[in-house]
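Coordinate analysis (summary)
Listed below, chain by chain, are the residues.
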Amino acid sequence: MKFNPELDNITIYEAGKPIELVVRQFGIEPKDIVKLASNENPNGCSPKVKAAVAQIIDKMPLYPDDSMYKLKEGLAKRYGVASSQVVIGAGSDQVIEFAVHAKATRGTKVLMNSVTFAMYEIYSRHVGAEIIRTASQEHDLDEFYALYKEHKPEIIFLCTPNNPTGDAIDAAKLFDFLEKIDDETLVIVDGAYMEYAKAKDASKAVEPADLVARFANVLYLGTFSKAYGLGGMRTGYGIARKPIIQALYKLRPPFNITTLSLEAASVALEDEGFVEMSVTENFSEMQRYEAFAKEVGIGYIESFTNFVTLCLNEGQNSTLLADALLKKGMIVRNLSGYGLNAIRVTVGTPSENDRFFALASELL
Ligand SMILES: *Cc1c(COP(=O)(O)O)cnc(C)c1O
């Protein structure tokens, strides 16, 4: 059967391997498997969320509140924007899909960093857009600007902090860059890990309200999958001025967020203490990863997120290392597909991290 020819240019996205797959493939007991591959919160989510979801479990037979009133109000209040400036997606992934489909068509250009979140390219390929990437590994906004001048892209993706490298753009530099971009170019600022960056270094903090106040062409993305510990609930959001939000709404399927997810996210948003605790613990464990890297003589990229990219030396091979770890029940992300001889490891609980250090130092 022939399919949409644009699909020929897409390779199927390989998400972090689920624990169930490792159980089946290697016959390892679930209790002996540690997953440090998808940047989930090792502390799970706020206990208040579990209680709230249990309370509304009887609502499952009914369609959700499609106006998403409670969550949109919660986000609007948290970020100091209007609820008409918020769109909710089944993960911020879905908001990326809406945005690309709303703006790009065949042959239009989409500019992104050399190494960045894989879904930007995949959604762009859906519509046959042309991908333009920088050469430098870290977001170099001078290079972005030069490529913008040369190619006049319809969309620019900026991921800060960046996945899978963990580095973050300086907020003041980001605003200077945005000043120079014309209003016809949609700039998507993906802040999936902003809760972490903000806590570690205030100079990296990007406030969606500032973006919306100053720029008509910027869409900010956030998610409940990382710091809030709700990856399984598939809830993310976009914040922008109303014309952008309305364009995205035209592509939104009805009832795209479940009743349980809407409630979980609304309650999670109120428990700031849980996020603060998670972020603090994350960076204290992160120091152990840095110490580990120094101890075994490998490199790492300073991270503003809940994961760390460990860069191997010549003669070491990230694919072999990731496979060997997997056979021992330790799931990490191999970055060879991004052209890096590196692995990305999500910072886990202290005991999960101990296990990683023990296995990785043995294998290295
Ligand atoms: C995890 C992640 C997302 C989206 O996650 P969802 O679970 O779809 O909300 C978006 N961008 C980046 C950079 C991510 O790492």
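Here's what I pulled together on the structure shown here. Note that the coordinates shown come from a computational prediction; the quantities given were computed from them, not determined experimentally. (Residues numbered from 1 in each chain as written. Predicted model: local features only at pLDDT ≥ 70, side-chain atom pairs only at ≥ 80, totals over all residues. Heavy atoms only, no water.)

**Quick word on the overall build of the protein chain**
- Each helix and strand counted, the protein chain has 14 helices and 13 strands in total.
- Rg of the C-alpha trace for the protein chain: 20 Å, near the compact-globule value of 21 Å for 364 residues, within the 12% margin.
- Dimensions of the protein chain, computed from C-alpha atoms along their principal axes, come out at roughly 55 × 55 × 55 Å.
- Out of the 364 residues in the protein chain, the part that is buried amounts to 53%.
- Averaging the coordinates of the 38 positive side-chain charges in the protein chain and doing the same for the 48 negative ones gives two points 3 Å apart. (Helix = DSSP H or I, 4+ residues; strand = E, 2+ residues; numbered from the N terminus. Rg over C-alpha atoms; globule rule 2.2 N^0.38 Å. Buried < 20%, exposed > 50% of the residue type's maximum accessible area, 1.4 Å probe, protein only. Lys, Arg positive; Asp, Glu negative; His and termini not counted. Charge placed at Lys NZ, Arg CZ, Asp CG, Glu CD.)

**A few points about the nonpolar core**
- Formed by 84 residues in total, the largest nonpolar core has its most connected members in L75, I156, L158, L211, F224, I343 and F356.
- The element contributing the most residues to this core is helix α12 (residues 272-296), with eight residues.
- Per-domain counts for this core show at least three residues from each of domain 1 (5-44 + 273-363) and domain 2 (47-271).
- Beyond its immediate sequence surroundings of up to four residues, F224 is in contact with L71, L75, G229, L230, G231, T235, G236, Y237, A265 and L269.
- In this structure, A104, I122, L186 and I245 belong to the second largest nonpolar core, which totals 28 residues. (Core = buried A, V, L, I, M, F, W, Y, C linked by side-chain atoms within 4.5 Å. Domains from an automatic or database assignment. Contact = heavy atoms within 4.5 Å.)

**Comments concerning the sheet that holds strand β8 (residues 236-239)**
- Across the sheet, which stays open at both edges, the seven strands sit in the order β2-β8-β7-β6-β5-β3-β4 with mixed pairing between neighbours. With one partner strand each, in any of the chains shown, β2 (86-89) and β4 (130-133) form the two edges of the open sheet. Direction aside, neighbouring strands of the sheet carry axes that sit 20° apart on average.
- Summarising the sheet, strand β6 (residues 186-190) and strand β7 (residues 218-223) pair through four bridges and their orientation is parallel. (Pairing = 2+ DSSP bridges. Axes fitted to C-alpha atoms, helices over the stretch in contact; angles between N-to-C directions.)

**Brief notes about the packing of aromatic side chains**
- For the structure on display, the rule yields 16 aromatic pairs.
- Ring geometry for Y289 against F357: centres 4.7 Å apart, planes inclined by 65°, an arrangement best described as edge-to-face. In this pair, Y289 sits in helix α12 while F357 sits in helix α14 (residues 350-363), placing the two residues 68 residues apart along the sequence.
- The buried category is assigned to Y289, whose relative accessible area is 0%.
- In this structure F357 comes out as buried when scored by relative accessible area, which is 12%.
- An aromatic cluster of at least three residues, connected via ring pairs, comprises Y79, F224, Y228 and Y237. (Phe/Tyr/Trp six-rings, centres within 6.5 Å; stacked < 30°, edge-to-face > 60°.)

**Details of the pairing of β2**
- Burial along β2 is two-sided: V86 and I88 and V87 and G89, pointing in opposite directions, are all buried.
- Examined bridge by bridge, β2 and β8 share four bridges and lie antiparallel to one another. Its bridge partner lying in β8, V86 is registered against I239.

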